[in-house]
Amino acid sequence: MRSPVLRSAVLGLGLLAGAPPLLAQASATTSVSITADVVNGLNIVKVSDIDFGVVPAGSGANVLLATDAGAGRLHVFGQPGRPVTVAIAAPAALTSGANALPFAGAASVNESADDHAGATPVPVGPSFTIRLRDQGPARNGRVGYLYLHGLITVGATVPQGVYTGTVTVTAEQ
Amino acid sequence: MPRSYAPASPTVRAAVRGALAALLSLALLAHARPLDAQGEGQGDPNHSSVTVSRLGDLVFGLVVGGASVVVRPDDPAAAHFEVRVRGGPSHVVTLTIALPAALLSGPDRLPVRFDANSAAWATSDAPDARTAFDPARGTTVTLDQRGPKSLLVWIGGTLEPMQAQPSGDYSALIALSAVEN
């Protein structure tokens, strides 16, 4: 004969075993961010710098094309349909302390898409006009895409160093 | 005045012991290890876990005042989640999404809109395997019982900046909840 204690414990376990599963549901939650950088009015936004990379002394003319990964990229924002006057000022040389490396800047622009392969050459120095196309309900509407590139001439006697310069782009609308 | 205590009868003692034993059983039940939603339960139908992982944010990038910007769920800029279910008898997962009405930059608001096709789910990365749904309404997914109990979720949206929208870095949060039913 089982004791009352054992009977009750058996009853309790029986109730436990007959209970519905405790884990009827499992759940989890995670968040992500939504981000947007709003630019209003006429704006020029630098996407990347011009970078010729590592260039050996004595390599002569090193050309960086608009389609190269090292080309500088800028986005010009403004009102659609109205012309934007752009001027690009580039130094004649990159410098590393007192040392100089001849630089010839070049540029090209695509008025309708961020596609350097379809960009048209534009002058460096004299101003020129671009027209920003309203690209409709797509990402980055009302933008002109500007690519900066060029050529450096590296002689055999150029001292080793990091050579830099600044290209200035101005826009009016 | 002296008190007298009469011993309880065997029947009463047994009843008390039985009640104590039942309470002990209930106490053990109450103190059992909580079944953790994040715990391991692979292959055990009585232990289930759901995890939601963030694979990417919804990034609208550079936006100009007055120009609506749309990110579709198949755009690389769409928010991207992975939901994994382990264990449990069910293959039905309910997705609920908390969406903002606007992005904020300090006191400035940038309205964001979600439509019936702003979100999609799939059990693989294949673009043609995706099923669109309205993120505001959420959805319920029945997973293939023979396949992995996981799915991918993408969420896009539409920004509607005003013509005079103040410049700035705007942000907000989307929260995806997954429940195994």
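What you see is a predicted model; the values in this text were computed from it and never measured.

1. Observations concerning the packing of aromatic side chains
Aromatic rings in a pair are described by how distant their centres are and how their planes are angled relative to each other.
Thought 1: Tallied over the entire structure, the rule returns one aromatic pair over all chains.
Thought 2: Residues F52 of chain A and F103 of chain A carry aromatic rings whose centres are separated by 6.1 Å and whose planes lie at 85 degrees to one another, so their mutual orientation is edge-to-face. Here F103 of chain A lies in strand β7 (residues 99-110) and F52 of chain A lies in the loop between β2 (43-48) and β3 (60-64), a separation of 51 residues in the sequence.
Thought 3: On the accessibility criterion, F103 of chain A (8% relative accessible area) is buried.
Thought 4: One residue, R130 of chain B, lies across the ring of W154 of chain B, its end atom 3.6 Å from the ring centre.

2. As for the nonpolar core
Nonpolar side chains in soluble globular proteins tend to end up buried together.
Thought 1: Counting residues in each nonpolar core, the largest one holds 40 residues, and the members touching the most others are F60, V83, L95, L103, V153, I155 and L159 of chain B.
Thought 2: Leaving out residues up to four positions away in the same chain, I155 of chain B has contacts with L58, A78, A79, F81, I97, F114, S118, A119 and I174 of chain B.

3. Things to note about the layout of surface pockets
All names here are of chain A.
Thought 1: Here the largest pocket is characterised by a volume of approximately 690 Å³.
Thought 2: Around the largest pocket sit 31 residues that line it, and I50, F52, L94, Y163 and T164 are the ones nearest its centre.
Thought 3: Those elements that provide at least two residues to the lining of the largest pocket are β2, β4 (72-77), β7 and β10 (143-154).
Thought 4: Counting residues per element, the lining of the largest pocket draws most heavily on β10, which supplies three residues.
Thought 5: Its residues assigned to classes, the lining of the largest pocket shows 20 nonpolar, eight polar and three charged.

So, how was this worked out
- Residues numbered from 1 in each chain as written.
- Chains lettered and ligands numbered in written order.
- Predicted model: local features only at pLDDT ≥ 70, side-chain atom pairs only at ≥ 80, totals over all residues.
- Heavy atoms only, no water.
- Phe/Tyr/Trp six-rings, centres within 6.5 Å; stacked < 30°, edge-to-face > 60°.
- Helix = DSSP H or I, 4+ residues; strand = E, 2+ residues; numbered from the N terminus.
- Buried < 20%, exposed > 50% of the residue type's maximum accessible area, 1.4 Å probe, protein only.
- Lys NZ or Arg CZ within 6 Å of the ring centre and 35° of its normal.
- Core = buried A, V, L, I, M, F, W, Y, C linked by side-chain atoms within 4.5 Å.
- Contact = heavy atoms within 4.5 Å.
- 1 Å grid on protein atoms, 1.4 Å probe; cavity = no way out; pocket = protein on both sides within 12 Å on 5 of 7 lines; lining within 4 Å.
- Points joined across faces, edges and corners; volume = space filled by probe spheres on them.
- Nonpolar A, V, L, I, M, F, W, Y, C, P; charged D, E, K, R; others polar.

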